[in-house]
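# Report on the structure
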Amino acid sequence: MSPLLEAVDLHRHYSVRTGGGLFAGKAVLRAVDGVSFRIRAGQTLGLVGESGCGKSTTGKLALGLIPPSSGEMRYDGERMPAAGSPAWRALRRRLQMVYQDPLGALDRRLPIGTQIAEPLVIHGIGAVSERRDRALSIMESVGLQRHQFGRYPHELSGGQRQRVVLARALITEPRLLVCDEPISALDVSIQAQVVNLLLDLQERLGIAYLFISHDLRIVRQVSHDVAVMYLGRIVERGDAENVFARPAHPYTRALVSAIPTVGDKRERILLGGDPPSPANVPPGCSFHTRCPFATAQCRSEIPTLQPQDDGREVACHRVRETALRLVA
Ligand code: SF4
C-alpha cells in the first residue's frame, strides 16, 4: 500500500551566529538532517527523541508549514505544493496540527464553538447554519457537550480545551493529524482520556497520526511504527512493538531502558550529559560522545540506516555486537 504521507531525505538547516565581538562567526544549525519516513492511511508513526532533536521541526515540515532546505514531502504520492499556494491551502484541510499547549492554541476572546467552526470559514465550507451544526456534531464526537458551544477557553478544564483543539482540527475531516506533544501539558489523569480519544477517533474515522512525543510510554501505546531521532537524524525506525520490545540502537536502548514498566528487568543504560548542539554536530556518529560502545570508526564514519533481519532499520556501526550483548 502506498503511503499517505512520505518524507524523502528532508533537510532543514538554519544559519546561526556564534560567539560575540571579535569571535563572532556563523554556523549551520542542522535541525533536520536527512530524515525519511512513511505514514500509511489510518496508521500512527511515533516520532521520539530528547528535546531539541528536531521532532517539532519535522512535524512542521510534514505539513509544509516550513519549507525544507532540501528533500521533499509527498502526499498521496504527489510532491507537496509550496506553502501558501492555492493547492497547498486546499490540501491543508486534509492535514491538520494539534499543538502541545491547548490554551496557547486557542483565542481566549472567542467562544469555543466559533473557534471550532473557524476552519470551515477559512476553507469556505458550508453555509453559516451548517457550520454551526457541524461544530456541534464534532463537539459531541470528542466528548464535549453541546451547551458548551458558547463557553470561553478559560471556562474549561485542560482536558476539555485539548478536546476543543482536536474538534477544530477534525472539523475539516483531515486524513492526517500531526500531534506535537499533544498531552504533555495535561494532568496525568487527563492524559489517558485524550490518548483513548485519539485511538477511538482513529478507529472510527481512519485518521493517520504523526505522534511527536518524548514520552515513550504513550508513544508505545498509540504507534504502529516508531522513528527515533537524535540530533536531526533518525537512528532507528520500524514496527513499534518490535522496537520497544528489542531496541537495537544504543540510543533507543537508553531511552527504552528508562521507561519504568518496560525496562525494569533490563540493563539500564545511562546517558552521560546532554546532546551536543545541532549547530556543532560531532563528526562520525553524532551519538558517539555519549555512547558506551563508541570506537574509532564511530568517531569518523557516519552510520546510515541499514535494514535488519526483522525489517527495522538501524544506523549504528556496531548494532550486531551491541544488540546481542544487551538483549540477553
Ligand atoms: Fe554507538 Fe558507534 Fe553505534 Fe554510534 S555507531 S551508536 S557511537 S556504537
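Every value quoted in this text rests on a predicted model; they were computed, and no experiment measured them.

Reading guide: rules and limits
Residues numbered from 1 in each chain as written. Predicted model: local features only at pLDDT ≥ 70, side-chain atom pairs only at ≥ 80, totals over all residues. Heavy atoms only, no water. Helix = DSSP H or I, 4+ residues; strand = E, 2+ residues; numbered from the N terminus. Expected span 1.5 Å × (residues − 1). Contact = heavy atoms within 4.5 Å. Near = heavy atom within 4 Å. Nonpolar A, V, L, I, M, F, W, Y, C, P; charged D, E, K, R; others polar. Axes fitted to C-alpha atoms, helices over the stretch in contact; angles between N-to-C directions. Left-handed = near helix turned anticlockwise from the far one by under 90°. Pairing = 2+ DSSP bridges. Buried < 20%, exposed > 50% of the residue type's maximum accessible area, 1.4 Å probe, protein only. Phe/Tyr/Trp six-rings, centres within 6.5 Å; stacked < 30°, edge-to-face > 60°. Lys NZ or Arg CZ within 6 Å of the ring centre and 35° of its normal. Domains from an automatic or database assignment. Buried area = accessible area lost by both parts, 1.4 Å probe. Salt bridge = Lys/Arg side-chain N within 4 Å of Asp/Glu carboxyl O.

Moving on: helix H7 (residues 188-205). Over its 18 residues, H7 runs 26 Å from end to end, which matches the ideal 26 Å to within 8%, given 1.5 Å per residue. In this fold, the buried residues of H7 make contact with strand E3 (44-48), helix H5 (128-141), helix H6 (158-170), strand E7 (176-180), strand E8 (208-212) and helix H8 (216-222). Directly beyond the C-terminal end of H7, a positive phi value near 70° is found at Gly-206.

The subject of this paragraph is the site of the ligand. By nearness alone, every residue bordering the ligand is listed as His-249, Pro-250, Cys-285, Phe-287, His-288, Cys-291, Phe-293, Ala-294, Cys-298, Cys-316, His-317 and Arg-318. Tallied by class, the residues present in the shell around the ligand amount to eight nonpolar, three polar and one charged.

Attention shifts here to the packing of helix H4 (residues 112-122) against H5. Two quantities define a packed helix pair, namely the angle between the axes and the distance from one axis to the other. Contact pair H4 / H5: the axes reach a minimum separation of 9 Å and the direction vectors enclose 115°. Read as a crossing pair, H4 and H5 show a hand that is right-handed. Contacts between H4 and H5 involve Ile-112, Gly-113, Ile-116, Ala-117, Leu-120 and Val-121 from the first element and Arg-131, Arg-134, Ala-135, Ile-138 and Met-139 from the second. Split by residue class, the contact of H4 with H5 holds eight nonpolar, one polar and two charged.

This next bit is on the sheet that holds strand E1 (residues 5-18). The strand order across the open sheet built from four strands is E2-E1-E4-E5, with neighbouring strands paired in antiparallel fashion. The two strands at the open ends of the sheet, each matched to only one other strand, are strand E2 (25-39) and strand E5 (78-79). Pairing geometry for strand E4 (residues 70-75) and E5, over two bridges, is antiparallel. Among the inter-strand pairings, Arg-74 is bridged to a residue of E5, identified as Arg-79.

The next subject is unusual backbone geometry. The phi dihedral of Asp-76 falls on the positive side, at around 55°, and the residue is not glycine. Within the secondary structure, Asp-76 is located in the loop between E4 and E5. The phi dihedral of Leu-231 falls on the positive side, at around 50°, and the residue is not glycine. With respect to the helices and strands, Leu-231 occurs in the loop between strand E9 (225-230) and strand E10 (233-239). The exposure class of Leu-231 is buried, given its relative accessible area of 4%.

Here we take up the packing of aromatic side chains. In this description, an aromatic ring pair is defined by two values, namely the gap between the centres and the angle between the planes. For the coordinates displayed, the defined rule picks out three aromatic pairs. Between Tyr-230 and Phe-287, the ring centres sit 5.0 Å apart and the planes meet at 85°, which makes this aromatic pair edge-to-face. Taken together, the positions of Tyr-230 in strand E9 and Phe-287 in the loop between helix H11 (260-263) and helix H12 (296-300) put the pair 57 residues apart, joining distant regions of the chain. Relative accessible area serves as the criterion here: at 1%, Tyr-230 is assigned to the buried category. What makes Phe-287 buried here is its relative accessible area of 2%. Above the plane of the ring of Phe-149 lies Arg-132, whose end atom (NZ or CZ) is 4.4 Å from the centre.

As a further point, take the sheet that holds E8. Pairing within the open sheet is mixed, and its eight strands lie in the order E6-E7-E8-E3-E9-E10-E12-E11. Of all strands in the sheet, those bounded by a partner on one side alone are strand E6 (95-98) and strand E11 (306-307). In terms of strand pairing, E3 meets E9 through four bridges, oriented parallel. In the sheet register, Val-48 faces E9, and the bridge partner there is Val-228. Relative to E8, H7 is tilted by about 155°, and along the sheet it contacts E3, E7 and E8.

This part is about the domain arrangement of the protein. The assigned domain composition of the protein is domain 1 (5-18 + 28-94 + 174-322) and domain 2 (104-171). Put simply, the middle of domain 1 and the middle of domain 2, counted by C-alpha atoms, are 30 Å apart. Taken together, the contact between domain 1 and domain 2 spans 15 residues of the former and eleven residues of the latter. With both chains or domains summed, domain 1 and domain 2 bury close to 1,100 Å², and 71% of this area falls on carbon and sulfur atoms. Our count for the contact surface shared by domain 1 and domain 2 stands at zero salt bridges.

Under the definition given, this model contains 19 salt bridges. One salt bridge in this structure joins Glu-50 and Arg-290, with 3.0 Å as the shortest N-O distance. Of the two residues, Glu-50 is situated in the loop between E3 and helix H1 (55-63) and Arg-290 in the loop between H11 and H12; the sequence distance between them amounts to 240 residues. The exposure class of Glu-50 is partly exposed, given its relative accessible area of 22%.

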